Amino acid sequence: MNILEAIERSGVVGCGGAGFPTHAKLMSGVEYFIVNGVECEPLLRTDRYIMRHFADKIISAIERTGDEIGAVHCIIALKESYSEEIHALRSAADAAKSRVSLHFLRSFYPAGDEQTIVYEVTGRVVPPAGIPLDVGCVVSNVATMLAVYDAISDRPLIHKYLTVSGEVETPTIADAPIGAPLESCLSLAGGASIDDYCVLLGGPMMGRIISKEEFPSMVVTKTMSGMIVLPQKSRLANIQRMSREQMAVRARASCIRCSQCSQLCPRNLLGHPLEPHKIMRSLALCGDLQALPMNDAIVRSAALCCECGICELIACPMDLQPRRVNAALRKMLAEAGIRYKKGDGQRSPHPFRDMRKISTVRAAARTGVYRFQHIRIDRLAEARPKRVILPMSQHIGAPCEPLLRPGDEVKRGQLIASSPQGRLGSCIHASIDGIVEIASGSMTISSDGRRCN
Ligand code: SF4
Ligand code: SF4
């Protein structure tokens with residue numbers, strides 16, 4: 001079995017993003033194999049922990065994967081300020097006489113964005129609506145490489161390292177089986193240190209707010225990298241609670257056409273024809289998202305947005321929501337079957353791009369999490385739930401189909417679900433020993449003998 005087959009068989013998906021199946025992403029014949037160790041979201045510390053503690057495994061996985069796909073260059077991109085991680089990776093690469101090299105970036109957001117990292121490392125611009133492969137690159141991340149190391153050793157992806165930070169008693173890296181209740185991870189950090197809280201899944205810039213009431217039903221998935229506890233009344237929570245109608249009314253009433261959102265937009269700075277201020281102007285004129293003409297070139301450019309959040313959390317002086325407007329339009333464009341033509345409207349990167357980068361510290365300050373920004377997390381704690389719930393769709397592609405029946409007994413690491421034959425997808429393995437229950441869209445494994453419902 002070659003490495004790509006081992007990766008597919010182990011159910012490895014991109015651990016730092018939307019969960020694209022890794023075996024399908026690693027194309028042969030690329031020039032650059034870039035591994036993202038930037039972790040640009042303020043407060044997330046998972047990748048840094050992994051780089052410090054598993055540097056030898058990461059180097060080994062990159063080397064072997066790079067050889068398998070015939071990559072000319074194998075590069076880990078990380079921030080120049082990550083001195084301990086740089087030392088660990090350099091030592092591991094030297095000890096293994098590895099060809100894997102390091103590329104250093106300034107501490108800015110979103111340095112870890114796939115298209116930004118490609119430009120920073122190679123000087124090549126991924127075309128609008130394109131992918132790194134269009135310019136000879138494949139991008140993965142360090143957590144995925146750790147999962148690849150396990151896959152090569154015939155160990156499936158069944159657990160995750162997660163940052164648990166913010167308003168908690170002891171910021172912690174949780175080591176949790178996939179499907180574990182997020183509450184069990186929060187308990188490892190001593191629980192929330194405030195009463196009226198909500199939980200941000202992911203980082204402050206791109207994460208999703210979960211209410212205290214919704215939280216008990218949430219579980220660890222393959223793509224999660226951390227959670228941050230915040231006050232219920234934080235700015236981030238207030239923005240995410242806003243309805244589409246409120247966003248439109250506010251755009252109409254308050255957008256001053258200053259174009260700050262476009263001037264700081266990282267995709268615009270790369271030369272993509274995305275100008276959120278024009279989208280907001282169109283929305284202000286129409287007054288309603290539904291009334292916007294989907295075939296209009298300005299509206300279609302919303303498809304180029306990576307939802308980094310700079311426009312609404314940092315740039316806009318009026319506290320408007322260009323990112324959320326773009327996200328809604330992207331969904332509407334996809335539903336209407338309107339695709340952006342690859343490369344359309346491509347320009348050169350903006351000459352002021354370097355000057356307009358947003359420092360990570362500023363991103364932390366603007367999102368209200370600055371006081372947690374300098375916390376170093378080296379405490380690891382393991383979650384051992386008696387019950388896990390495994391969603392059948394934790395990846396891009398077709399949802400998995402269960403391979404077992406209710407009441408079957410499974411062992412940790414056993415294959416329990418796979419994607420339909422011939423469809424893009426990824427398989428799922430049991431993350432604990434126990435008895436299986438099947439519900440619509442998920443499988444539950446209980447090790448305590450209790451039935452689920
Ligand atoms: S979220 Fe805003 S700043 Fe980020 S890519 Fe989209 S439009 Fe640009
Ligand atoms: S930054 Fe805000 S106010 Fe200025 S153009 Fe963009 S949405 Fe309008």
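Every value quoted in this text rests on a predicted model; they were computed, and no experiment measured them.

A. How the structure looks around the packing of aromatic side chains. A full pass over the atoms with the stated rule returns 3 aromatic pairs. When the centroid spacing of 6.5 Å and the interplanar angle of 65° are considered together, the rings of tyrosine 49 and phenylalanine 54 count as edge-to-face. Assessed through its relative accessible area of 5%, tyrosine 49 is described here as buried. Between tyrosine 49 and tyrosine 161, the ring centres sit 6.1 Å apart and the planes meet at 40°, which makes this aromatic pair tilted. With tyrosine 49 in helix α3 (residues 46–53) and tyrosine 161 in strand β6 (residues 159–166), the pair connects residues that are 112 residues apart, well separated along the chain. When sorted by exposure, tyrosine 49 lands in the same class as tyrosine 161, which is buried. By the ring-pair criterion, three or more aromatic residues cluster together here, those being Tyr49, Phe54 and Tyr161. Sitting over the face of the ring of phenylalanine 108, lysine 357 holds its NZ or CZ atom 4.5 Å from the ring centroid.

B. Local environment of the site of ligand 2. If you check the shell around ligand 2, you find 13 residues, and the closest are Cys255, Cys258, Ser259, Cys261 and Cys316. Among the secondary structure elements, those contributing two or more residues to the shell around ligand 2 are α11 (260–263) and α13 (276–286). Class assignment for the residues of the shell around ligand 2 results in 9 nonpolar, 3 polar and 1 charged.

C. Spotlight on the domain arrangement of the chain. Once the domains are mapped, the chain shows domain 1 (3–152), domain 2 (159–234 + 369–382), domain 3 (242–362) and domain 4 (387–446). Computed over C-alpha atoms only, the centres of domain 1 and domain 2 are separated by 24 Å. The interface is formed by 21 residues belonging to domain 1 together with 25 residues belonging to domain 2. Here domain 1 meets domain 2 over a buried area of about 2000 Å², counting both sides, of which 57% is carbon and sulfur. Contact with domain 2 buries area across many residues of domain 1, yet Leu43, Arg45 and Tyr49 alone supply 34% of it, more than any other trio. One salt bridge connects aspartate 378 with arginine 52, and the closest N-O pair in it is separated by 3.1 Å. There are 13 residue pairs in polar contact (both at pLDDT 80 or more) connecting domain 1 and domain 2. Element by element, the count of residues in the side of domain 1 that touches domain 2 is highest for α3, at 5 residues.

D. How the structure looks around the site of ligand 1. The local shell around ligand 1 holds 13 residues, among which Cys265, Cys305, Cys308, Cys311 and Asn326 are the closest. Sorting the residues of the shell around ligand 1 by element identifies α15 (310–315) and α16 (322–335) as the ones contributing at least two each. When its residues are assigned to classes, the shell around ligand 1 shows 9 nonpolar, 2 polar and 2 charged.

E. Main features of the sheet that holds strand β12 (residues 380–382). Spatial ordering of the open sheet is given by β9-β8-β10-β6-β7-β12, a layout of 6 strands whose pairing is mixed. Lying at the two open borders of the sheet, with one neighbouring strand each, are β9 (208–210) and β12. Between one strand and the next, the sheet's axes are offset by a mean angle of 30°, whatever the strand orientation. With 3 bridges connecting them, strand β8 (residues 197–201) and β9 associate as antiparallel partners.

F. Quick peek at helix α5 (residues 83–95). Counted at 1.5 Å a residue, the expected span for α5 with its 13 residues is 18 Å, and the 18 Å between its end C-alpha atoms agrees. Check the buried side of α5 and you find it contacts α3, α4 (55–68), β2 (73–79) and β3 (101–105). Looking one or two places after α5, you find lysine 97, whose phi comes out positive at around 50°.

How each quantity is defined
Residues numbered from 1 in each chain as written. Chains lettered and ligands numbered in written order. Predicted model: local features only at pLDDT ≥ 70, side-chain atom pairs only at ≥ 80, totals over all residues. Heavy atoms only, no water. Phe/Tyr/Trp six-rings, centres within 6.5 Å; stacked < 30°, edge-to-face > 60°. Buried < 20%, exposed > 50% of the residue type's maximum accessible area, 1.4 Å probe, protein only. Helix = DSSP H or I, 4+ residues; strand = E, 2+ residues; numbered from the N terminus. Lys NZ or Arg CZ within 6 Å of the ring centre and 35° of its normal. Near = heavy atom within 4 Å. Nonpolar A, V, L, I, M, F, W, Y, C, P; charged D, E, K, R; others polar. Domains from an automatic or database assignment. Contact = heavy atoms within 4.5 Å. Buried area = accessible area lost by both parts, 1.4 Å probe. Salt bridge = Lys/Arg side-chain N within 4 Å of Asp/Glu carboxyl O. Polar contact = N/O pair within 3.5 Å; in protein donor to acceptor, adjacent residues only side chain to side chain. Pairing = 2+ DSSP bridges. Axes fitted to C-alpha atoms, helices over the stretch in contact; angles between N-to-C directions. Expected span 1.5 Å × (residues − 1).

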